[in-house]
Structures are given as structure tokens and as C-alpha cells.
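# Coordinate inspection notes
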Amino acid sequence: MRFDAITLFPEMFDAVLDYGITRRALDRELYRFKSWNPRDFTDDPHRTVDDRPYGGGPGMLMQAEPLDRALNAVQQDLSSENLAPWVVHFSPRGRPLTHQRVMELKNKPALVLLCGRYEGIDERLLQRRVDEELSLGDFVLSGGELPALALMDAIIRLLPGALNDADSALEDSFVNGLLDCPHYTRPEVWQGLAVPEVLKSGNHAAIAQWRLQQSLTITAAHRPDLLAKRGLSKQEQELLAAHPPGAP
Ligand SMILES: CCN(CC)Cc1ccc(CNC(=O)c2csc3nc[nH]c(=O)c23)cc1
């Protein structure tokens, strides 16, 4: 799996990818990463990449030409490895990123992550070069880099060999359709708060049931939409009825 980021702030990527699971996956050569700065594809001494919007309006836009040249450089580099690029533009107007889309994108051999800054990118570049637009959600960020890093993180965790305990990836709540249950570790009592007895019982059936019940209650409280989409078995309906949501 290869990721190429086109970004005005390449350091952001190294600053994040150099830690934890993404760092280990890089060391294990499960993926490769390369950043490309549009400023390196300008001709003027000021390395200009932005300009004012036609029609007026606040802020600046990223010009098409430097981005087009950067994309050509990426494409050339990928073609030397016979890799076809899939170009993702991160934008507030994109489709919201979901687990399903992460699962689909992880199978692409080469993802090109086009990260906008300012108020966005000249539409003509997007029209010509972008395969899909993705948003991180309905809130305003300062650019596409954090969404691009979120997508990379979500994909890298799913690459074979990235997680030592493969189950933890499969159990991720967005796989079984429910939100995660509470988790506890030592000490048994912390600031007067004790670990639920069932978790110390060694009764694995009771522990699994308690965790499922907790997940159902939390999902009903925070994300009733997920429950509706998922549907509940008879047993799950009974568990939820016995422990309806009430907590914040
Ligand atoms: C003028 C209206 N704004 C659109 C909401 C302009 C604008 C604000 C912020 C940005 C920078 N954000 C992104 O590039 C971005 C890229 S993906 C994403 N997902 C959620 N929220 C986001 O702001 C983003 C770009 C244009």
C-alpha cells in the first residue's frame, strides 16, 4: 500500500505517522508514504500557490497549475511501479468518511491524498484530476491534512501485520455495529470507584453478556441511528430493555 500526500504542510504527516501503530507499520514496510509540496512545482520566486477567488468572496484559493504539476509527478512516480493512482480530495463538501469506505479504499494499491488549504482548490483541477471527495464530518477544519491522516490511520490499522492482536481490529465497534463497552484496568479501586464485579468473576459468558449489554445501552444513548441500521436479536432486545439508556 502506498500513500502520496499533496500538501503545503508535509511535516504534519511525519509528525503524526512517526508514532505508534503507523510507525511500526512503516518499519514493517506494510505501507509507504511520500509527500509532495505544491510549492516545489511553482516557477515564481515567491513560490505562489494561491490567488484570489473570481467573483469575490473571503479568503484565497489554491491554483490549479502547481497541483496539476504535483499530480503529474506523483503519477510518473507511480507508473514506474505500475501503480494506478486513486486521487482522493479531502473537502468539507465531500462524502462523509465511513468504515465501509475505509474498507474499500484499503484495497487500492496507491492512494493520492490531495489536501486543500485556504478556502479550497480551483474547481477545474478537481474536475480533471480527482476521483472522489471525502469529508471527515460536519465541522470546519483548517485544511485537508488531518482528514487525510485520519484516513491513513484507519487504513493502516487494517493492513495485515499492523496489529499484533488481530482481534482488536475486528472487534472495533464499527465492525459489530455497536459502540464500545467500558474498559477497566488496575487498580481494582481507584478514587473509591471499584471495577464491576462481573469482570473479576472469570465467568467468560457473563463477562461477554455484560459487555454486550453495555455496548447496547451506550449505542442506544449516543447513536440510536446505528441501532436502527443494525437491528437487534431477541436476546439483545431483552438486554437493552433490562438496561435502558439514561446516563449522559
Ligand atoms: C466558505 C465555506 N467553507 C466550507 C465549509 C470554506 C472552507 C472551510 C474550511 C476548509 C478547510 N477544510 C478542509 O479542507 C476539509 C477537508 S476534509 C474536511 N472535513 C471536514 N471539515 C473540513 O473543513 C474539511 C475549506 C473550505
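Before reading further, recall that the structure is shown in the block above.
Notes on the structure follow. Remember, it's a predicted structure, so these values are computed and weren't measured experimentally.

Time to look at the pairing of strand 1 (residues 2-6). Buried residues dominate strand 1, accounting for five of its five residues. Residues Arg2, Asp4 and Ile6 line one face of strand 1 and the alternating positions Phe3 and Ala5 line the opposite face, and both faces are buried. Pairing analysis gives five bridges linking strand 1 to strand 2 (residues 32-36), with the strands arranged parallel. Residue pairing across strands places Ile6 opposite Trp36, the latter belonging to strand 2. As paired strands, strand 1 and strand 6 (residues 110-115) are joined by five bridges and run parallel to one another. Residue pairing for strand 6: Ala5 is matched across the bridge by Leu113.

The subject of this paragraph is the site of the ligand. Near the ligand, the surroundings consist of 16 residues, among which Ser91, Glu119, Leu136, Phe139 and Leu141 are the closest. Between a nitrogen atom of the ligand and a main-chain N or O atom of Phe139, the distance comes to 2.6 Å. With the chains in place, 74% of the 560 Å² that the ligand exposes on its own is no longer accessible. Of all the elements in the fold, those that place two or more residues in the shell around the ligand are strand 5 (86-96) and strand 7 (132-135).

Note on placement: Thr22 falls in helix 2 (residues 20-27). Its relative accessible area of 4% is what places Thr22 among the buried residues. Reaching out from Thr22, the side chain makes a polar contact with the backbone oxygen of Leu17 at a distance of 3.0 Å. Excluding its chain neighbours within four sequence positions, the residues that come into contact with Thr22 are Val16, Leu17, Tyr31, Asp153 and Ile156.

On to the packing of helix 1 (residues 10-17) against helix 6 (residues 145-156), then. As a packed pair, helix 1 and helix 6 sit with axes 10 Å apart at the nearest point and diverge in direction by 35°. Helix 1 and helix 6 meet at a crossing whose hand is right-handed. Contacts between helix 1 and helix 6 involve Met12, Phe13, Val16 and Leu17 on the former and, on the latter, Glu145, Leu146, Ala148, Leu149, Met152 and Ile156. Its residues assigned to classes, the contact of helix 1 with helix 6 shows nine nonpolar, no polar and one charged.

Attention shifts here to the packing of aromatic side chains. Counted according to the given criterion, the structure contains three aromatic pairs. For the ring pair Phe3 and Tyr31, a centre distance of 5.7 Å and an interplane angle of 75° mean the geometry is edge-to-face. Placement of Phe3 in strand 1 and of Tyr31 in the loop between helix 2 and strand 2 is noted, with a sequence separation of 28 residues between them. The class of Phe3 is buried, set by a relative accessible area of 0%. Across from the ring centre of Trp86, 3.6 Å away, lies the NZ or CZ of Lys108, which sits over that ring.

The rules behind each value
- Residues numbered from 1 in each chain as written.
- Predicted model: local features only at pLDDT ≥ 70, side-chain atom pairs only at ≥ 80, totals over all residues.
- Heavy atoms only, no water.
- Buried < 20%, exposed > 50% of the residue type's maximum accessible area, 1.4 Å probe, protein only.
- Helix = DSSP H or I, 4+ residues; strand = E, 2+ residues; numbered from the N terminus.
- Pairing = 2+ DSSP bridges.
- Near = heavy atom within 4 Å.
- Polar contact = N/O pair within 3.5 Å; in protein donor to acceptor, adjacent residues only side chain to side chain.
- Areas by Shrake-Rupley, 256 points an atom, 1.4 Å probe, with all protein chains shown as cover.
- Contact = heavy atoms within 4.5 Å.
- Axes fitted to C-alpha atoms, helices over the stretch in contact; angles between N-to-C directions.
- Left-handed = near helix turned anticlockwise from the far one by under 90°.
- Nonpolar A, V, L, I, M, F, W, Y, C, P; charged D, E, K, R; others polar.
- Phe/Tyr/Trp six-rings, centres within 6.5 Å; stacked < 30°, edge-to-face > 60°.
- Lys NZ or Arg CZ within 6 Å of the ring centre and 35° of its normal.

Keep in mind these numbers describe shape, not what the thing actually does.
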